[in-house]
Amino acid sequence: MANPKQNRKRVTAWHVIGVQVATFRRAAGLTQSALADMCRVSEDTIASIEQGRRPLQLDFAILLDRLLETKGALQVAVEKVPEKERFPLFVQDYVEYEQDAVSLHSYENQLMPGLLQTENYARAVFKSSYPPLEPEEVEERVKNRMQRQSLLERKPRPMLSFLLEEVILHRPIGGPRTLREQIKRLREITERPFVTIQIMPTNRQTHAALDGPMVLLETSGHDQLAYIEGQRVSFLVDDAEEVSVFQQKCGMLRSQAHSPEESICLMDDLLGET
């Protein structure tokens, strides 16, 4: 596996494909602006693709092959991108460790954890992104998120625990029907013996993680890692002392939250309201 400290330095398949796009564009005698006009997209979209900041979607690759007369080269390149690199660069290493985890502890304060999201809820989350994502990119991210949930079916079973702010159960992302479907999914997952879900009550006066969400995980090699995600930035922490601080926070959060049984009752009450 990649070293977490090297997460930002890797050259990805998208960087390589971006260089190909730029090379083919120049060979065709086109500026980024001219190609953007031909494709009916913004110049920034072309620049982002060429710099490897935006994944090249398959249908767009096919269009570029036709416009640049590259005989399917970009289509083939996109089709051969390794599965893990279909995630944004800043989460690729985390996803790799996540799928290898023997235990995972997650705290979220704004929305359902990706591992627990329904397809409709995940789609609503990605549609809320700003700047807006292209429709095909939304669908690609939904597909990848659903594939990540194979962790819930993996054997040997990982030990999973999730701490969620109560407000998440009331925020109607995607609308009331989508939220109800999501809560129902959450309730069903609590029946799995290797999963624990606790709700942090909104009226709690003390709180050990006001700084935001975090994920703690233990790999099959018994490495202890923390994953911290914020506004357009995220990073893995493998320093033992730093990880220990997050573990202490997580332990205190568990004591401050509703018990698993109380959390189940809260979900049942919400599902019984309609």
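Being a predicted model, the structure only gives us computed values, none of them experimental. (Residues numbered from 1 in each chain as written. Predicted model: local features only at pLDDT ≥ 70, side-chain atom pairs only at ≥ 80, totals over all residues. Heavy atoms only, no water.)

### Observations regarding the overall build of the protein chain
Helix and strand counts for the protein chain come out as 11 helices and six strands. Principal-axis analysis of the C-alpha atoms gives the protein chain an extent of 65 × 45 × 35 Å. For the protein chain, the residues scored as buried account for 47% of the 274 residues in total. Sequence-distant contacts in the protein chain: of pairs separated by 6 or more residues, those separated by 24 or more amount to 71%. Accessible surface for the protein chain amounts to roughly 14,500 Å². Of this, 52% is attributable to carbon and sulfur atoms. (Helix = DSSP H or I, 4+ residues; strand = E, 2+ residues; numbered from the N terminus. Buried < 20%, exposed > 50% of the residue type's maximum accessible area, 1.4 Å probe, protein only. Contact = heavy atoms within 4.5 Å. Areas by Shrake-Rupley, 256 points an atom, 1.4 Å probe, with all protein chains shown as cover.)

### Concerning the environment of Asp223
Among the secondary structure elements, Asp223 is positioned in the loop between strand 4 (214–219) and strand 5 (224–230). Classification of Asp223 by relative accessible area gives partly exposed; the value is 44%. For the pair formed by Asp223 and Asp238, sequence separation is 15 residues and the distance between their alpha carbons is 8.0 Å. Here Asp223 is in contact with Leu217 and Glu218, once residues within four sequence places are set aside.

### Quick notes on the pattern of salt bridges
Between side chains of opposite charge, a pair can form as their charged atoms come close. Here the structure, examined in full by the defined rule, presents nine salt bridges. The partner of Arg148 in a salt bridge is Glu98, and the shortest N-O contact between them spans 2.7 Å. One end of the pair, Arg148, is in helix 8 (residues 135–148); the other, Glu98, is in helix 6 (residues 89–99), and 50 residues separate them in sequence. Both residues of the pair, Arg148 and Glu98, count as buried. The partner of Arg187 in a salt bridge is Asp268, with the nearest N and O atoms 2.7 Å apart. Of this pair, Arg187 sits in helix 9 (residues 176–189) while Asp268 sits in helix 11 (residues 260–271); the two residues are 81 residues apart in sequence, bridging distant segments of the chain. Of the residues examined, Arg187 reaches a relative accessible area of 18% and is grouped as buried. What makes Asp268 partly exposed here is its relative accessible area of 34%. (Salt bridge = Lys/Arg side-chain N within 4 Å of Asp/Glu carboxyl O.)

### Quick notes on the sheet that holds strand 3 (residues 195–200)
The strand order across the open sheet formed by six strands is 3-2-1-4-5-6, and the pairing between neighbours is mixed. Two strands close off the open sheet at either side, each with one partner strand: strand 3 and strand 6 (233–237). For this sheet, the mean angle separating the axes of adjacent strands, direction not counted, is 10°. Examined bridge by bridge, strand 5 and strand 6 share five bridges and lie antiparallel to one another. (Pairing = 2+ DSSP bridges. Axes fitted to C-alpha atoms, helices over the stretch in contact; angles between N-to-C directions.)

### Re the nonpolar core
Core analysis: the largest hydrophobic core is formed by 36 residues, its most contacted members being Phe162 and Ile197. Counting 19 residues, the second largest nonpolar core, distinct from the first, contains Leu35, Ala36, Leu74 and Ala77. (Core = buried A, V, L, I, M, F, W, Y, C linked by side-chain atoms within 4.5 Å.)

### Let's talk about unusual backbone geometry
In this chain, Tyr130 is followed by Pro131 through a cis amide linkage whose omega measures 0°. Assignment of secondary structure puts Pro131 in the loop between helix 7 (119–127) and helix 8. Geometrically, the link from Lys155 to Pro156 is a cis peptide bond, its omega value of 0° lying close to zero. Turning to its location among the elements, Pro156 is positioned in the loop between helix 8 and strand 2 (159–165).

### As for helix 1 (residues 13–27)
Relative to the 21 Å expected for 15 residues at 1.5 Å per residue, helix 1 spans 21 Å between its end C-alpha atoms, a close match to the ideal helical length. Listed as buried for helix 1 are Ala13, Trp14, Ile17, Gly18, Val21, Ala22 and Arg25. Packing partners of the buried residues in helix 1 comprise helix 2 (32–39), helix 3 (43–50), helix 4 (58–68) and helix 5 (73–79). (Expected span 1.5 Å × (residues − 1).)

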